[in-house]
2 protein chains.
Amino acid sequence: MGLRYASRFDGVTGSAIRDIFKLLTNPEIISFAGGNPANSALQSDVVSRLAQKVLAENGVGLLQYGQTEGYAPLRESAAEFFRHNGVDVKPEELLPVTGSQQALDLICKAMLDPGDAMLVESPTFLGALQTFKLYQAKLVPVDTDEDGVVPELLEEKIKACRPKLIYLIPTFQNPTGRTLSLERRKAIAKLLEKYEDVVLIEDDPYRDLRYAGEPLPAIKAFDTTGRVLYCNSFSKIISPGLRVAAIACTEPTLMRKLVIGKQSTDVHSPNLNQAIVDAYLREGILMDHIAKISASYGQQMAKMQEMLATFPASVRYTKPDGGIFLWVELPEGINATELLPTATKMGVAYIPGTHFYTEPGTHHNTMRLNFSNATLDKIEKGMNILKDLFIAQGLR
Amino acid sequence: MGLRYASRFDGVTGSAIRDIFKLLTNPEIISFAGGNPANSALQSDVVSRLAQKVLAENGVGLLQYGQTEGYAPLRESAAEFFRHNGVDVKPEELLPVTGSQQALDLICKAMLDPGDAMLVESPTFLGALQTFKLYQAKLVPVDTDEDGVVPELLEEKIKACRPKLIYLIPTFQNPTGRTLSLERRKAIAKLLEKYEDVVLIEDDPYRDLRYAGEPLPAIKAFDTTGRVLYCNSFSKIISPGLRVAAIACTEPTLMRKLVIGKQSTDVHSPNLNQAIVDAYLREGILMDHIAKISASYGQQMAKMQEMLATFPASVRYTKPDGGIFLWVELPEGINATELLPTATKMGVAYIPGTHFYTEPGTHHNTMRLNFSNATLDKIEKGMNILKDLFIAQGLR
């Protein structure tokens, strides 16, 4: 077979994680591996009712071609939703997209040439890393601590690498659950004023899943430059299967490139899905729904932390105020990557932390645990299995 | 503003056509410019009923994350639909995508590096040209005649340019409406056997809209190499707003790259939309619907041709057996590009043919006319306006 493929696929296999997710089609496995909402958080009756409603009101409009810029009513209602989060944008500064993953793809399409430098938190979301790799970005990790990415280190790397893009998940980060402090949010907005050709992607899909503490403004709330692209998604709070997210972009030239890129990528996102999310927002039922699912997720997180507290004290883990992930650091020598097949045989899955790093084959003592898609019983059972497994491996 | 954008946008403006479509939000204008189905061809009651049905049956499954490879039942039902068209594929050889435009984007993502050569029919679909340009393909036009692209010319260009990809719309082509003859379909499948590193994109969204003559097998039906990627869409026969299409790919390595590319682009296409199309196929209501809309579209095409027959004989136009477009060649000296603003002021829009060519600023005497989204009355009125305009410009 003499096929000549694109060089962007050199070294991209996509295999490790895909193989894990194939295991998870086995319903017997207790999965802490995904990033799924709880099944009980998905309101198929509401979605069905709203689908009927919007099709009755504007069926032909929804079934015809739509505008690349998005379904106009959703641009309005989502802009209002964004304003609640301190992101003050006009409807025309908001581009609905097919999930946040498409936001990342379109931003890379607009900005990146092969070899361009890009700064990412270390660790960070593996799905984002794959998108950046397919655009052949030179990925430069920036260290994080309990308060998120460290602005001083970020500035050092900006000076050293002249990145086109910075990618941050400031709130309840994937994979760590950590939240960037208020001071750091302001400091990073200031950095953008100083370095005039850097664009920041602020990916914020977990912010509304808060179980303790007070909401922090988005970095975008402090942006005076138009170079913070704020991405939010309805995947975690309404439904991932509907694939509706939005990018706030207040820089018109960049917005135009995002739109042209989207036009050539899929013409537009499906209208029906945008209209369903718009109806959720306009009926005012979303905030109650978020409150309800947050109550459950908060209990699930507490249960998982309670179980982690029974592990030997050498196991460190994050204690976030929200989101859907905890991050676990085992003592050096316990290899979470190698133990995954055994764990799944014992009935529990997680994502080895190594996949969230830009440097391959490192941090094998780390793992990401998701609690939103497992019941309290399963969390207790699954965590006990993991504890026994690690202790059998020498964990003290 | 010192922003450094990706070089793939150099020379891509996307403006000409986008500006035309903005004009068309004026409901007074008779538009022959789009590629939309008739509003009367869109069954919002059926879509609403099917949405309820699939959400009642599998609501949680549809609202959760889905597989990048597509909604499994649709892969089955669409594979059966493809088999009716002579494209014999297994469900796992079929990748549902967010409209055919995404098929093009993902194929380019898998295959093209900047500067790679790609052969396209001349003229061809402008939306495809924009996607190929954003992948920085070196676009090489191949001449066509009444029977579609000329295989001998195609082979010459394959030898001269060693293209990675060939892009053809063999049935009721966009923009010309022409159909590639059976002999040429076979000849092109043979060419792929001879040139072992060339991939053919067969884009076939209009094939089911046939108003006369007998269906021809797809080129894919003669493919012995696995290097014909057959794309079909439900946009023209169910709804463009739902954004559901599929790629048939019988080469496993290429399929894997398409899937990884899609994963990094939007994770998966929305499940609800795929399930609605699947239900259309499984209920067996699609063929009757196609028969019904084809009867109308056939009348609309006949009316537009009847009107063109009243134009001076120097005006040439295609006489297809189906699809949604006619292609008009005016005598040299009548500039359809320049006349568009006047035409829209007079109440009629079309797409200047120049936009369908890879060579900018040529073929200003050509235009694409769409008949599917205008009533018989509007076709008569709009064509009379165009005739008067062109005669006033010296058409004899």
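Above this note sits the structure.
Here we summarise the structure given alongside this text. (Residues numbered from 1 in each chain as written. Chains lettered and ligands numbered in written order. Predicted model: local features only at pLDDT ≥ 70, side-chain atom pairs only at ≥ 80, totals over all residues. Heavy atoms only, no water.)

Chain B puts 87 residues into the contact, and the matching count from chain A is 86 residues. Around 7,200 Å² of area is buried between chain B and chain A when both sides are counted, 55% of it from carbon and sulfur atoms. At the surface where chain B touches chain A, the tally comes to four salt bridges. For the pair chain B and chain A, the number of links is 56 residue pairs in polar contact (both at pLDDT 80 or more). Counting residues per element, the ones that place at least two in the side of chain B that touches chain A are α1 (15-23), α2 (44-63), α4 (100-111), α5 (126-134), α8 (252-266) and α9 (271-283) of chain B. Looking at side-chain class alone, the side of chain B that touches chain A contains 33 nonpolar, 35 polar and 19 charged residues. (Contact = heavy atoms within 4.5 Å. Buried area = accessible area lost by both parts, 1.4 Å probe. Salt bridge = Lys/Arg side-chain N within 4 Å of Asp/Glu carboxyl O. Polar contact = N/O pair within 3.5 Å; in protein donor to acceptor, adjacent residues only side chain to side chain. Helix = DSSP H or I, 4+ residues; strand = E, 2+ residues; numbered from the N terminus. Nonpolar A, V, L, I, M, F, W, Y, C, P; charged D, E, K, R; others polar.)

With an RMSD of 0.0 Å, chain B superimposes on chain A once it is rotated by 180 degrees and translated 0.0 Å along the axis. Accordingly, the operation relating the two chain copies is best matched by a two-fold axis. The residues that chain B uses at the interface reappear at the interface of chain A in 99% of cases, marking a shared surface. (Least-squares fit on C-alpha atoms with pLDDT ≥ 70 in both.)

The next subject is unusual backbone geometry. Cis geometry marks the peptide bond from Ser122(A) to Pro123(A), where omega comes out at 0 degrees. If you trace the backbone, Pro123(A) turns up in the loop between β3 (117-122) and α5 (126-134). Positive phi, normally seen in glycine, also occurs at Gln136(B), with a value near 55 degrees. Mapping Gln136(B) onto the fold places it in the loop between α5 and β4 (138-145). Since its relative accessible area comes to 25%, Gln136(B) is described here as partly exposed. Located in the positive-phi region is Phe172(B), a residue other than glycine, with phi close to 50 degrees. Along the chain, Phe172(B) turns up in the loop between β6 (165-168) and α7 (182-194). (Buried < 20%, exposed > 50% of the residue type's maximum accessible area, 1.4 Å probe, protein only.)

Structurally, the position occupied by Ala72(B) is in helix α3 (residues 72-84). Expressed as a C-alpha distance, the spacing of Ala72(B) and Leu94(B), which sit 22 residues apart in the sequence, is 9.9 Å.

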